[in-house]
Amino acid sequence: MTQLGLPDDIQACLFDLDGVVTKTAVVHAAAWKEMFDAFLRERDGADHRPFEAADYDEYVDGRPRADGVRTFLASRGIDLPDGEPGDPPGAETVHGLGNRKNELVLEKIRTDGVEAYAGTLRYLEVVRAHGLRTAIVSSSANCQDVLRSIGAEHFFDVRIDGVVAAERKLPGKPHPDTFLAAAEDLGVEPSAAAVFEDALAGMDAGRAGRFGYVVGVDRVGQTDALYAHGADIVVKDLAELGGTE
């Protein structure tokens, strides 16, 4: 293992955004809950079964927005039309609900700002100093704005986010395609790239893509689940991997 806590043959690092680089996973979780609870309350009344943390982990976290809506609704036996990407927030379509969730996220970010994980930024600095290539791989369509808001764009050679995935028609996590695209853009084989993820869907993507090393980042107490979904190692902060000089 290198000083970075990675196998010797790793040449590139592929980082998820929310929950790995930025403390926005909790913001997304709160927005999903607010949106789904309002929808379920209107549909089923006051005795509706609310959206819970386990629902976020299992059906939504790490997935593209529309996929998250579809997957959670399917878990409750609810079938809505897809609608169109431009549906108004709250319309009873997959895209309408997804757009309402995004509206809530942006509102929370505007109000509270975005904070980065200091341990991740320090790790990125040393990764870059060691000459490894880097990519940000996120399902978020707001990825570039978030990176810009924390002054972290310069840490990444490649960005594969919700916008790029839509342009290239790449299926999102748990499919490995966005991570595979990042590795290809960096000019490395998947076996020479490490994936850094906090979401179970991201673990599944890392395993499916046969990446050289999959690092699970446990921010919410799901270490066992991260290992079960394919992590090679699980840390609470990237500082645990080393990366100090």
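Here, the structure is the one placed above.
Described in the following lines is the structure provided in the data block. Bear in mind that the values here come from a model prediction, so they are computed numbers and not experimental data.

As for the overall build of the protein chain
If you tally the helices and strands in the protein chain, you get 10 helices and six strands. A compact globule built from 245 residues would reach a C-alpha radius of gyration of about 18 Å, and the protein chain, at 18 Å, matches this within 12%. Dimensions of the protein chain along its principal axes, counting C-alpha atoms only, are 55 × 35 × 30 Å. Within the protein chain, the fraction of its 245 residues that count as buried is 52%. Here the analysis covers contacts within the protein chain between residues at least 6 apart in sequence; of these, 60% occur between residues at least 24 apart. Separation between the mean location of the 25 positive side-chain charges and that of the 43 negative ones in the protein chain comes to 2 Å.

Here's the deal with unusual backbone geometry
Each neighbour pair has its own omega, and for K173 with P174 the value is 15°, a cis peptide bond. Secondary-structure assignment places P174 in the loop between α7 (162–168) and α8 (177–186). Positive phi values are uncommon outside glycine, yet K169 reaches one of about 60°. Looking at where K169 falls in the secondary structure, it is placed in the loop between α7 and α8. Judged by relative accessible area, which is 72%, K169 ranks as exposed. One non-glycine residue with positive phi stands out, namely R210, at about 55°. In this structure, R210 sits in the loop between α9 (200–208) and β5 (213–217).

A closer look at the nonpolar core
L6, F15, V21, Y123, F196 and L238 are the most contacted members of the largest nonpolar core, which totals 31 residues. The set of elements that each furnish at least two residues to this core consists of β1 (12–15), α5 (118–129), α6 (143–149), β4 (193–197) and β5. The element contributing the most residues to this core is α5, with five residues. The residues contacting V21, other than those within four sequence positions of it, are F15, D16, A116, Y117, T120, L121, I136, I150 and F156. W32, Y56, L104 and I109 belong to the second-largest nonpolar core, a separate cluster that totals 22 residues.

Digging into the pairing of β1
Side chains A12 and L14 project from β1 onto one buried face, and the interleaved C13 and F15 project onto a second face that is buried too. Pairing geometry for β1 and strand β2 (residues 133–137), over four bridges, is parallel. Across the sheet, the residue bridging to A12 is R133, located in β2. Sheet topology places β1 next to β4; four bridges connect them, and they run parallel. Across the sheet, residue F15 finds its bridge partner in β4, namely F196.

Remarks on the pairing of β2
Across the five residues that make up β2, a large majority, four, are buried. Relative to strand β3 (residues 158–160), β2 runs parallel, the two being bridged by three bridges. Following the sheet pairing, V137 is matched in β3 by I160.

Cut-offs applied
- Residues numbered from 1 in each chain as written.
- Predicted model: local features only at pLDDT ≥ 70, side-chain atom pairs only at ≥ 80, totals over all residues.
- Heavy atoms only, no water.
- Helix = DSSP H or I, 4+ residues; strand = E, 2+ residues; numbered from the N terminus.
- Rg over C-alpha atoms; globule rule 2.2 N^0.38 Å.
- Buried < 20%, exposed > 50% of the residue type's maximum accessible area, 1.4 Å probe, protein only.
- Contact = heavy atoms within 4.5 Å.
- Lys, Arg positive; Asp, Glu negative; His and termini not counted.
- Charge placed at Lys NZ, Arg CZ, Asp CG, Glu CD.
- Core = buried A, V, L, I, M, F, W, Y, C linked by side-chain atoms within 4.5 Å.
- Pairing = 2+ DSSP bridges.

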